[in-house]
Amino acid sequence: MKIVVIGGTGLIGSKLVAKLGEHGHEAVAAAPNTGVNTLTGEGLAEALAGAQVVVDVSNSPSFEPAAVMEFFQTSTGNLLAAEAAAGVGHHVALSVVGTERLPESGYFRAKIAQEQLIEKSGVPFSLVHATQFFEFARSIAAEATDGDTVRIAPVLFQPIAGDEVAQAVGRAAVGAPLNGRVEVGGPEQFRMDEFFREALAIWGDPRQVVADPHARYFGSELGERTLVPGDGATLGQIRYRDWPGRTATPK
């Protein structure tokens, strides 16, 4: 199949393009640096010509509430319109486990808006909700840092390797449209503060992790199960302690 991957040069997109290609599909990496811009519509019609599936793993360059809402509404609207014109039969989008439980966050409000556009579009779709990627652990710690302290809510946390997110998105892309969602998460649940205490020790990072029930996660307070998937989720197999990137020096 011809499968166009929007955001195909990013963390998940590049892994996905490679995996689809290994399985004999024509995987097209579509991103501004390959001449496809979903915000302006540039290159969309040409990229989607003859495509059976479009996968959107793109992300907003800004997390500022108005900017992120504009990104997801505009890019998703342009993409869905181009898909309808091209006769694309399946739209797959990557989202986040617990999105609907985080309405205080401007980022997650924008992801909710994106999903609503997809659901109402008339294009058959599948939504893949993933937990937090191992690759984003340092960014989460940075967001939660106050001086030499990292304030983390002691809630359940079930991160997953980016490779396994790409596998899950790939399975959705080559399967029949769900017209619904599938959830994917890592193989282990942690208390979030305990995970980051151990991760900072692995990184040789001197910051102190403090368990704070009111610590915000990108603008939202967290409940016990806000960030973890429900029953029936697909679970990865790579444990954080075994993940090669856990000790990598950040770029």
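Details of the structure are given in the entry above.
Predicted, not measured: the structure shown is a model, and the values here were computed from it.

If you tally the helices and strands in the chain, you get seven helices and 14 strands. The dimensions of the chain, computed from C-alpha atoms along their principal axes, are 55 × 35 × 35 Å. Across the 251 residues that make up the chain, the buried fraction comes to 49%. Partitioning the intrachain contacts of the chain with sequence separation of at least 6 by distance along the chain shows that 82% fall at a separation of at least 24. Summed over its atoms, the accessible surface of the chain is roughly 11100 Å², and 51% of this surface lies on carbon and sulfur atoms. Across the chain, the centroid of the 20 positively charged side chains sits 3 Å from that of the 29 negatively charged ones.

Hydrogen bonds along the backbone pair up the strands of a sheet, which may run parallel or antiparallel. Ordered in space as β6-β7-β11, the three strands form an open sheet in which the pairing is mixed. In the strand order of this sheet, the two ends are held by β6 (145-146) and β11 (208-211), each with one partner. On top of the sheet, helix α7 (residues 192-203) reaches β7 (149-152) and β11; it is set at about 175° to β11, its chief contact.

Below, the discussion takes up the layout of surface pockets. What the largest pocket holds in volume is close to 840 Å³. Looking at the largest pocket, it is lined by 38 residues, and the ones nearest its centre are Val-57, Ser-58, Asn-59, Tyr-107 and Phe-136. Mapped by element, the contributors of at least two residues to the lining of the largest pocket are α1 (11-22), β4 (90-96), α4 (106-120) and α5 (137-143). When residues in the lining of the largest pocket are grouped by element, the largest group, four residues, is from α4.

Further remarks concern the environment of Asp-193. Secondary-structure assignment places Asp-193 in helix α7. Taking the C-alpha atoms as reference, Asp-193 lies 7.6 Å from Val-155; in sequence the two are 38 residues apart.

The full count for this structure, using the stated rule, is nine salt bridges. Across the pair Glu-100 and Arg-101 runs a salt bridge whose closest N-O atoms are separated by 3.3 Å. For the salt bridge of Arg-241 with Glu-188, the shortest nitrogen-to-oxygen distance reads 3.4 Å. With Arg-241 in the segment after β14 (234-235) and Glu-188 in the loop between β9 (180-185) and β10 (190-191), the pair connects residues that are 53 residues apart, well separated along the chain. Note on Glu-188: relative accessible area 14%, which makes it buried. One salt-bridge network, held together by shared partners, links Glu-100, Arg-101 and Arg-181.

Let us look at unusual backbone geometry. Positive phi outside glycine occurs at Asn-179, with the angle close to 50°. If you check the backbone angles, Phe-218 has positive phi at about 45° while not being a glycine. Summarising the element assignment, Phe-218 is placed in the loop between β12 (216-217) and β13 (220-221).

If you walk through the whole model with that rule in mind, you get 16 aromatic pairs. Measuring from centroid to centroid gives 4.9 Å for Phe-133 and Phe-136, while their planes differ by 35°, and the two rings are tilted. Residue class for Phe-133 comes out buried when judged on its relative accessible area of 11%. Residues Phe-134 and Tyr-240 carry aromatic rings whose centres are separated by 5.1 Å and whose planes lie at 80° to one another, so their mutual orientation is edge-to-face. In this pair, Phe-134 is assigned in the loop between β5 (125-130) and α5 and Tyr-240 in the segment after β14, connecting sequence segments 106 residues apart. Judged by relative accessible area, which is 4%, Phe-134 ranks as buried. The exposure class assigned to Tyr-240 is buried, which follows from its relative accessible area of 6%. Taken together, the aromatic side chains of Phe-63, Phe-71, Phe-72, Tyr-107, Phe-108, Tyr-217 and Phe-218 make up a single cluster linked through ring pairs. Over the ring of Trp-203 we find Arg-138; its NZ or CZ atom is 4.4 Å from the centre of that ring.

Thresholds applied
Residues numbered from 1 in each chain as written. Predicted model: local features only at pLDDT ≥ 70, side-chain atom pairs only at ≥ 80, totals over all residues. Heavy atoms only, no water. Helix = DSSP H or I, 4+ residues; strand = E, 2+ residues; numbered from the N terminus. Buried < 20%, exposed > 50% of the residue type's maximum accessible area, 1.4 Å probe, protein only. Contact = heavy atoms within 4.5 Å. Areas by Shrake-Rupley, 256 points an atom, 1.4 Å probe, with all protein chains shown as cover. Lys, Arg positive; Asp, Glu negative; His and termini not counted. Charge placed at Lys NZ, Arg CZ, Asp CG, Glu CD. Pairing = 2+ DSSP bridges. Axes fitted to C-alpha atoms, helices over the stretch in contact; angles between N-to-C directions. 1 Å grid on protein atoms, 1.4 Å probe; cavity = no way out; pocket = protein on both sides within 12 Å on 5 of 7 lines; lining within 4 Å. Points joined across faces, edges and corners; volume = space filled by probe spheres on them. Salt bridge = Lys/Arg side-chain N within 4 Å of Asp/Glu carboxyl O. Phe/Tyr/Trp six-rings, centres within 6.5 Å; stacked < 30°, edge-to-face > 60°. Lys NZ or Arg CZ within 6 Å of the ring centre and 35° of its normal.

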